[in-house]
Amino acid sequence: MRRNPKDTIESQRRITRRALFLGASQLAFVGVLAARMRYLQVDQADQYRLLADENRINIRLLPPARGLIYDRNGVPLAVNKPLYRITIVREDAGDVNNVVARLNALVPLDPEEIARALDEMKRRSPFVPVTLAERLTWEDIAKVAVNAPALPGVTPEVGLSRAYPLADDFAHIVGYVGAVNEADLNRTNDRDPLLQIPRFQIGKVGVEAKLEKSLRGKAGIKRIEVNSIGRVMRELGREEGEPGVNLQLTIDSALQNYIQARLEGESAAAVVIDVQTGDLLAIGSTPAFDPNKFVNGISQADYSALLNDKYRPLPNKAIQGIYPPGSTFKMMTALAALEEGVLTSEETVKCKGFVEVGGRRFHCWKRAGHGNVNLKNSLKKSCDVFYYEMAQRVGIEKISEMARKFGFGTKFDVPMSSVAKGLAPTKSWKLEHRGAEWVIGDSLNASIGQGFVLSSPMQQALMTARLATGRAVMPRLIKSVNGAETPIQAGESLGINENNLRLVRKAMYAVVNETGGTAFRSRILTENMRMAGKTGTSQVGNTIVRNQDVPWEKRDHALFVCFAPFDDPRIAVSVVVEHGGGGSKAAAPIARDIALQALYGELPPLDAYPERDRWRIRSEQKELNLRDPDSFRESKDQA
């Protein structure tokens with residue numbers, strides 16, 4: 001049967017239309033595909049290149065070198081030493097337990113450290129390195145490096161760890177570092193990625209803690225190429241970080257060593273300050289501890305021993321400790337009375353051993369009384385009744401106002417932990433904090449440095465420096481930062497009548513250098529180095545019992561402050577001996593010895609001491625556990 005020509009033509013037309021449609025569809029698809037390929041390969045090339053690189057390139061932080069700390073003469077106090085450790089990245093390791101087992105067979109690991117590391121890995125992000133072991137030998141590190149292909153995610157590293165060459169001499173000043181922990185991270189808003197580095201060391205107390213960010217520095221980065229199992233193939237580049245700043249303290253390490261040795265066996269504190277510059281030349285606190293034990297984690301036994309020591313070795317008593325200043329406060333009461341015009345230099349007050357106020361007796365330390373005493377003799381003999389009278393004349397507000405001029409009740413800005421503010425009490429203070437009205441008995445107690453008055457040994461030294469100069473001397477602990485000197489705050493005039501200051505200074509001179517003075521036995525014989533000072537005894541309990549008849553912890557604190565030389569003051573010294581009894585017996589001899597050491601710069605000659613004491617001084621000097629001066633020089637050379 002023959003097909004109709006018309007049907008054939010129509011059929012051919014339909015086929016042509018289909019072919020054109022199919023061809024157009026194919027062309028459109030190819031066009032879209034080409035456009036997409038161009039978009040991916042040209043327009044989005046940078047983004048996908050980066051994604052590809054991230055699959056084979058890791059960026060790791062480079063911890064900076066921690067800043068060093070030196071004394072005023074360049075002797076190193078805090079240094080960095082190499083530390084070999086092994087870290088693991090959970091994301092790169094795969095089967096962590098299997099990798100750790102292989103590593104343990106190669107380099108024996110502490111089971112407790114393994115357990116700690118595994119626990120830490122669960123808490124941290126999978127890409128954060130966690131320390132498996134540290135303080136390893138170079139041989140151990142070499143073994144791990146050679147077997148790296150079999151230990152995915154494991155990296156041997158050489159880092160830096162802190163060390164303190166002069167150990168306990170500076171434990172309370174420099175402080176120590178330790179590994180950052182969860183408590184540290186929760187306590188601070190610091191988002192520095194360095195804190196995520198395993199076992200990264202940060203300052204915990206002292207200068208190390210207070211100037212942490214400056215000492216820490218800034219992280220660097222390195223880009224490394226790794227293969228599919230995480231093995232490092234090569235380093236592609238690095239940007240070095242910024243090391244921490246180097247600090248130079250105002251402390252003299254030799255003087256600091258002498259003070260720590262001189263205070264050995266006591267629970268005590270001592271501060272030496274340059275009265276012209278405010279430089280803190282020494283800050284002693286005993287007993288002390290070895291800060292090196294804290295760097296890599298102190299043992300529970302060692303820490304418990306420190307906590308349970310009744311002499312409290314951990315706090316810095318010179319800065320954190322606050323004590324009633326006792327009779328060392330009498331200069332404040334005297335100046336308040338002189339400035340208000342209610343006392344003259346020759347006016348006398350009769351001391352019969354007590355004064356009765358408001359139906360209550362306030363006793364002098366000398367039960368038989370001192371008789372008629374003027375300003376000079378009241379300080380020289382430390383008569384309490386004289387100051388009870390001044391308190392009634394001038395009042396607590398003026399006494400406390402004077403005390404604040406000399407640093408009481410002020411928290412000074414020195415970069416150390418828990419700097420004590422102390423207290424110069426007022427009527428409003430008692431009402432606010434004790435919920436009671438001020439009574440006249442409070443004023444009498446405050447006038448002799450008892451009751452609510454509190455101060456730290458550093459504040460006592462500053463008070464003495466201000467008495468010696470008449471200026472608002474400010475404490476300075478940081479001498480320079482990266483070699484740049486920090487400003488000296490010698491202080492402006494206190495605005496106190498110079499004649500009144502001279503009267504008080506001469507009375508302090510009599511305390512030490514005149515027969516009958518409470519510190520006469522602790523005088524300095526060298527003419528151009530003689531000192532002026534004041535003894536103090538701070539009552540611990542309210543009962544009147546001899547110190548030798550009560551347990552150590554219930555005895556009175558012993559205090560002494562002084563400045564020297566009298567004619568041209570250079571230094572001020574304060575000493576507090578906890579539960580030492582009387583200031584004249586326990587604190588004054590120590591302060592005298594410290595003053596001489598500071599003035600001479602070495603063990604002073606025996607002829608600087610009273611003749612009757614020279615045999616004892618000779619014996620004490622031989623027993624002092626002093627560092628060899630060469631050790632300071634060697635330490636400096638090594639740094």
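Residues numbered from 1 in each chain as written. Predicted model: local features only at pLDDT ≥ 70, side-chain atom pairs only at ≥ 80, totals over all residues. Heavy atoms only, no water.

Focus: the overall build of the chain
Of the regular secondary structure elements, the chain holds 24 helices and 21 strands. For the chain, contacts bridging at least 24 residues in sequence account for 71% of all contacts bridging at least 6. Total accessible area computed for the chain in this model is approximately 31000 Å², and 50% of it derives from carbon and sulfur atoms. (Helix = DSSP H or I, 4+ residues; strand = E, 2+ residues; numbered from the N terminus. Contact = heavy atoms within 4.5 Å. Areas by Shrake-Rupley, 256 points an atom, 1.4 Å probe, with all protein chains shown as cover.)

Brief notes about the environment of Glu498
Relative to the elements of secondary structure, Glu498 occurs in helix H21 (residues 498-513). Between the C-alpha atoms of Glu498 and Thr469, which are 29 residues apart in sequence, the distance is 9.7 Å. For Glu498, the side chain forms a polar contact with the side chain of Arg505, separated by 2.8 Å. (Polar contact = N/O pair within 3.5 Å; in protein donor to acceptor, adjacent residues only side chain to side chain.)

With respect to the side chain of Thr277
Secondary-structure assignment places Thr277 in the loop between strand S11 (268-274) and strand S12 (280-286). Looking at Thr277, its side chain comes within polar contact range of the main-chain nitrogen of Asp279, at 3.1 Å. With near-sequence residues (within four places) excluded, Thr277 lies in contact with Met474, Ile488 and Gln489.

Structural notes on the nonpolar core
Across soluble globular proteins, nonpolar side chains show a tendency to be buried alongside one another. Core analysis: the biggest nonpolar cluster contains 132 residues, and Met332, Phe406 and Leu467 have the highest contact counts within it. For this core, the element with the most residues is helix H22 (residues 583-600), which contributes nine residues. If sequence neighbours within four positions are ignored, Leu467 has contacts with Met331, Met332, Leu335, Phe406, Leu501, Val504, Arg505 and Met508. Counting 20 residues, the second-largest nonpolar core is a separate cluster that includes Ala93, Val99, Leu103 and Val144. (Core = buried A, V, L, I, M, F, W, Y, C linked by side-chain atoms within 4.5 Å. Buried < 20%, exposed > 50% of the residue type's maximum accessible area, 1.4 Å probe, protein only.)

Focus: the sheet that holds S11
One open sheet holds the five strands; their spatial order is S12-S11-S21-S20-S19, and the pairing between them is antiparallel. Strands with a single pairing partner mark the edges of an open sheet, and in this sheet they are S12 and strand S19 (532-538). Ignoring strand direction, the axes of neighbouring strands in this sheet form an average angle of 5°. Here S11 runs beside strand S21 (residues 571-577); their pairing, made up of seven bridges, is antiparallel. In the strand pairing of S21, Ile273 is matched with Ala572. Here helix H11 (residues 253-262) sits on the sheet in contact with S11 and S12, set at roughly 25° to S12. Across the sheet, H22 touches S11, S19, strand S20 (557-564) and S21, and the angle it forms with S21 is around 145°. (Pairing = 2+ DSSP bridges. Axes fitted to C-alpha atoms, helices over the stretch in contact; angles between N-to-C directions.)

What to know about the pairing of S12
Counting buried positions along S12 yields seven of seven residues, so the element is predominantly enclosed. Sheet analysis places S11 next to S12, joined by six bridges and oriented antiparallel. Paired with Ala269 across the strands is Ser285, a residue of S12. In this antiparallel pair of consecutive strands, S11 and S12, the connection spans five residues, and Gly278 shows a positive phi of 85°.

Points about unusual backbone geometry
Here the residue pair Thr286 and Pro287 is connected by a cis peptide bond, since its omega of -5° sits within 30 degrees of zero. Inspection of the secondary structure assignment puts Pro287 in the loop between S12 and helix H12 (292-295). Following Ala564, the chain continues to Pro565 via a peptide bond in cis, the omega torsion being -15°. Along the polypeptide, Pro565 turns up in the loop between S20 and S21. Backbone geometry at Asn482 places phi at a positive 50°, although glycine is not the residue there. With respect to the secondary-structure elements, Asn482 resides in the loop between strand S17 (478-481) and strand S18 (484-485).

Side note on the side chain of Ser267
Along the chain, the position of Ser267 falls in the loop between H11 and S11. Under the relative-accessibility criterion, Ser267 is labelled buried at 1%. At 3.3 Å, the side chain of Ser267 forms a polar contact with the backbone oxygen of Tyr311. Polar side-chain contacts of Ser267 include one of 2.6 Å to the side chain of Glu578.

Remarks on the pattern of salt bridges
On inspection of all chains with the given rule, the structure shows 31 salt bridges. As a salt-bridge pair, Glu340 and Lys398 come within 3.8 Å of each other at their nearest N and O atoms. Here Glu340, found in helix H14 (residues 330-340), pairs with Lys398, found in helix H17 (residues 396-405); they are 58 residues apart in sequence, far enough to count as distant. Judged by its relative accessible area of 41%, Glu340 is partly exposed. Within the structure, one salt-bridge network assembled from shared partners comprises Arg262, Arg521, Arg592, Asp593, Asp613, Arg616 and Glu620. (Salt bridge = Lys/Arg side-chain N within 4 Å of Asp/Glu carboxyl O.)

Some points on the packing of aromatic side chains
This model, assessed by the stated rule, comprises 13 aromatic pairs. Geometrically, the ring pair formed by Phe329 and Phe408 is edge-to-face, given 5.3 Å between the ring centres and 85° between the ring planes. Taken together, the positions of Phe329 in the loop between helix H13 (300-308) and H14 and Phe408 in the loop between H17 and helix H18 (427-434) put the pair 79 residues apart, joining distant regions of the chain. Under the relative-accessibility criterion, Phe329 is labelled buried at 2%. Ring geometry for Phe563 versus Phe566: centroids 6.1 Å apart, planes at 20°, classification stacked. For Phe563, a relative accessible area of 1% gives the class buried. Residue class for Phe566 comes out partly exposed when judged on its relative accessible area of 22%. (Phe/Tyr/Trp six-rings, centres within 6.5 Å; stacked < 30°, edge-to-face > 60°.)

Considering the pairing of strand S3 (residues 76-88)
Every regular strand shows the same layout, with side chains that alternate between the two sheet faces. Alignment of strand S2 (residues 69-70) against S3, held across two bridges, turns out to be antiparallel. Looking at the pairing, Ile69 lines up with Ala78 of S3. In this sheet, strand S5 (residues 154-163) lies alongside S3 in antiparallel orientation, the contact comprising 10 bridges. Its bridge partner being in S5, Ile88 is matched across the sheet by Val154. The pairing of S3 with strand S4 (residues 130-134) spans four bridges and is classified as antiparallel. Each bridged residue has a counterpart across the sheet, and for Ile86 the counterpart in S4 is Ala133.

Comments concerning a nonpolar patch on the surface
A cluster of nonpolar residues, Phe29, Val30, Leu33 and Met37, forms a patch on the protein surface that exposes about 400 Å² of accessible area. Here Phe29 is to be found in helix H1 (residues 5-43). (Patch = residues over 30% accessible without salt bridge, like charges linked within 9 Å, V, L, I, M, F, W, Y side chains within 5 Å.)

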